[in-house]
Amino acid sequence: RKEVEQDPGPFNVPEGATVAFNCTYSNSASQSFFWYRQDCRKEPKLLMSVYSSGNEDGRFTAQLNRASQYISLLIRDSKLSDSATYLCVVGSSNTGKLIFGQGTTLQVKP
Amino acid sequence: DTEVTQTPKHLVMGMTNKKSLKCEQHMGHRAMYWYKQKAKKPPELMFVYSYEKLSINESVPSRFSPECPNSSLLNLHLHALQPEDSALYLCASSPQGGRNTGELFFGEGSRLTVL
């Protein structure tokens with residue numbers, strides 16, 4: 001089993017749609033969680049950190065479920081510019097590592 | 001614009017060459033990382049330096065040799081690489097060292113092609 005797992009997609013959605021991605025992790029000692037966005041042939045960039053209480057930034061909402069060991073990302077009112085690969089990243093203090101999921105590809109169409 | 005600077009952006013080398021990738025950050029971050037990324041795959045951790053000391057080596061072949069001359073610089077020395085080593089090499093930094101795993105700040109990467 002991979003340490004961090006995501007559905008690779010692709011998710012093809014129309015503009016204005018709401019789309020949700022999930023990510024599961026296997027290390028129960030994980031304590032830091034992030035969503036990164038990566039555009040084609042570019043470096044990953046932090047989209048948002050994920051906190052236990054959940055957090056929202058504009059059209060983006062992230063949630064953490066420690067009991068079930070998954071995090072989620074919800075994108076509302078999708079824009080063409082949201083088309084990218086979304087990477088789930090999980091950090092564990094018992095290993096000192098930040099591990100990436102395989103990424104979920106989103107394609108927003110007009 | 002990224003505050004982690006990587007050079008060169010592109011590198012083509014033969015299997016017998018010796019080359020180096022360089023990374024620099026001036027944010028006072030205490031941890032620096034090398035990741036390798038193949039097309040359509042996620043970044044894979046190679047090395048972590050924490051407080052200028054190598055803290056994690058993910059069983060990377062010895063043809064890759066990291067070096068951290070000071071807290072702002074991270075190098076990756078390359079020697080006798082194979083064509084399958086062709087990839088995007090990403091440097092990242094993080095504010096905290098030790099086993100704290102905080103946000104990563106990435107450079108734009110060095111795209112390596114081994115002929």
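The structure this text deals with has already been given above.
Conventions we followed
Residues numbered from 1 in each chain as written. Chains lettered and ligands numbered in written order. Predicted model: local features only at pLDDT ≥ 70, side-chain atom pairs only at ≥ 80, totals over all residues. Heavy atoms only, no water. Helix = DSSP H or I, 4+ residues; strand = E, 2+ residues; numbered from the N terminus. Rg over C-alpha atoms; globule rule 2.2 N^0.38 Å. Buried < 20%, exposed > 50% of the residue type's maximum accessible area, 1.4 Å probe, protein only. Contact = heavy atoms within 4.5 Å. Buried area = accessible area lost by both parts, 1.4 Å probe. Salt bridge = Lys/Arg side-chain N within 4 Å of Asp/Glu carboxyl O. Polar contact = N/O pair within 3.5 Å; in protein donor to acceptor, adjacent residues only side chain to side chain. Phe/Tyr/Trp six-rings, centres within 6.5 Å; stacked < 30°, edge-to-face > 60°. Pairing = 2+ DSSP bridges. Axes fitted to C-alpha atoms, helices over the stretch in contact; angles between N-to-C directions. Disulfide = S-S within 2.5 Å.

S.K.: So what exactly am I meant to see when it comes to the overall build of chain A here?
M.R.: Tallying secondary structure elements over chain A gives zero helices and eleven strands in all. Reading the secondary structure of chain A in the N-to-C direction produces β-β-β-β-β-β-β-β-β-β-β. In terms of C-alpha radius of gyration, chain A reaches 13 Å, essentially the compact-globule figure of 13 Å for 110 residues. Buried residues in chain A amount to 48% of all 110 residues.

S.K.: Please explain the interface of chain A and chain B as it appears in this structure.
M.R.: Interfaces are frequently sized by the accessible area removed from exposure as the parts join. Each side of the interface is counted separately: chain A has 21 residues, and chain B has 19 residues. Between chain A and chain B, a total of about 1800 Å² is buried, with carbon and sulfur atoms accounting for 57% of that surface. Taken as a group, Glu43(A), Leu98(A) and Phe100(A) account for 31% of the area that chain A buries against chain B, more than any other trio of residues on that side. Our count for the chain A to chain B interface comes out at one salt bridge. Residues Glu58(B) and Lys97(A) are paired through a salt bridge, measuring 2.7 Å at the closest nitrogen-oxygen approach. Linking chain A to chain B there are four residue pairs in polar contact (both at pLDDT 80 or more). Elements supplying a minimum of two residues to the side of chain A that touches chain B: β4 (30–38), β9 (84–92) and β10 (97–100) of chain A.

S.K.: Help me understand the packing of aromatic side chains, please; the structure alone is not making it clear to me.
M.R.: Each aromatic ring pair is specified by the distance between its two centres and by the angle formed by the two planes. Counting across every chain of the model gives eleven aromatic pairs over all chains. Residues Phe11(A) and Phe21(A) carry aromatic rings whose centres are separated by 5.2 Å and whose planes lie at 80° to one another, so their mutual orientation is edge-to-face. Here the residue Phe11(A) occupies a position in strand β2 (residues 11–14), and Phe21(A) occupies one in strand β3 (residues 19–25), the gap between them amounting to ten residues. Owing to a relative accessible area of 1%, Phe21(A) belongs among the buried residues under this scheme. For the pair Tyr35(B) and Phe106(B), a centre-to-centre distance of 5.9 Å together with 55° between the ring planes defines the contact as tilted. Of this pair, Tyr35(B) sits in strand β4 (residues 31–37) while Phe106(B) sits in strand β10 (residues 105–106); the two residues are 71 residues apart in sequence, bridging distant segments of the chain. Judged by its relative accessible area of 0%, Tyr35(B) is buried. Classification of Phe106(B) as buried rests on a relative accessible area of 4%. Through successive ring pairs, a cluster of aromatic residues spans Phe34(A), Tyr36(A), Phe100(A), Tyr33(B), Tyr35(B) and Phe106(B).

S.K.: Help me out: how do you make sense of the pattern of salt bridges in this one?
M.R.: A side chain of one charge can pair with a side chain of the opposite charge if their charged atoms are brought near each other. Counted according to the given criterion, the structure contains seven salt bridges over all chains. Between Asp39(A) and Arg37(A) there is a salt bridge whose closest N-O contact spans 2.9 Å.

S.K.: Please clarify how the sheet that holds β3(A) should be interpreted in this entry.
M.R.: Pairing between the strands of a sheet comes from backbone hydrogen bonds, and it takes one of two forms, parallel or antiparallel. Residue and element names in this part refer to chain A. As summarised here, the arrangement of the five strands in space is β1-β3-β8-β7-β6, forming an open sheet in which the pairing is antiparallel. Two strands lie at the open edges of the sheet, namely β1 (4–6) and β6 (55–57), each paired on one side alone. Along the sheet, successive strands turn relative to each other by an average axial angle of 20°, direction set aside. Strand direction decides the pairing type here: β3 and strand β8 (residues 70–75), joined by six bridges, are antiparallel. From the neighbouring strand, asparagine 22 faces β8, where its bridge partner is serine 72.

S.K.: Help me understand the pairing of strand β2 (residues 10–13) of chain B, please; the structure alone is not making it clear to me.
M.R.: All names here are of chain B. Taking every second residue as pointing to the same face, the buried face of β2 carries Leu11 and Met13, while none of His10 and Val12 on the other face is buried. The sheet contact formed by β2 and strand β11 (residues 110–114) spans four bridges and is parallel. Residue histidine 10 lies in a different strand from β11, and its bridge partner there is arginine 111.

S.K.: Before we go on, may I ask you to explain the state of the cysteines in this structure?
M.R.: All names here are of chain B. Under the definition given, this model contains two disulfides over all chains. In this model cysteine 23 forms its disulfide with cysteine 91; the gap between the sulfur atoms is 1.9 Å. As the torsion about the S-S bond is roughly -75°, the cysteine 23-cysteine 91 disulfide counts as left-handed. Residue cysteine 23 is found in strand β3 (residues 18–25), and its partner cysteine 91 is found in strand β9 (residues 87–94); the two are separated by 68 residues along the sequence. Neither cysteine 23 nor cysteine 91 differs from the other in exposure class; each is buried.

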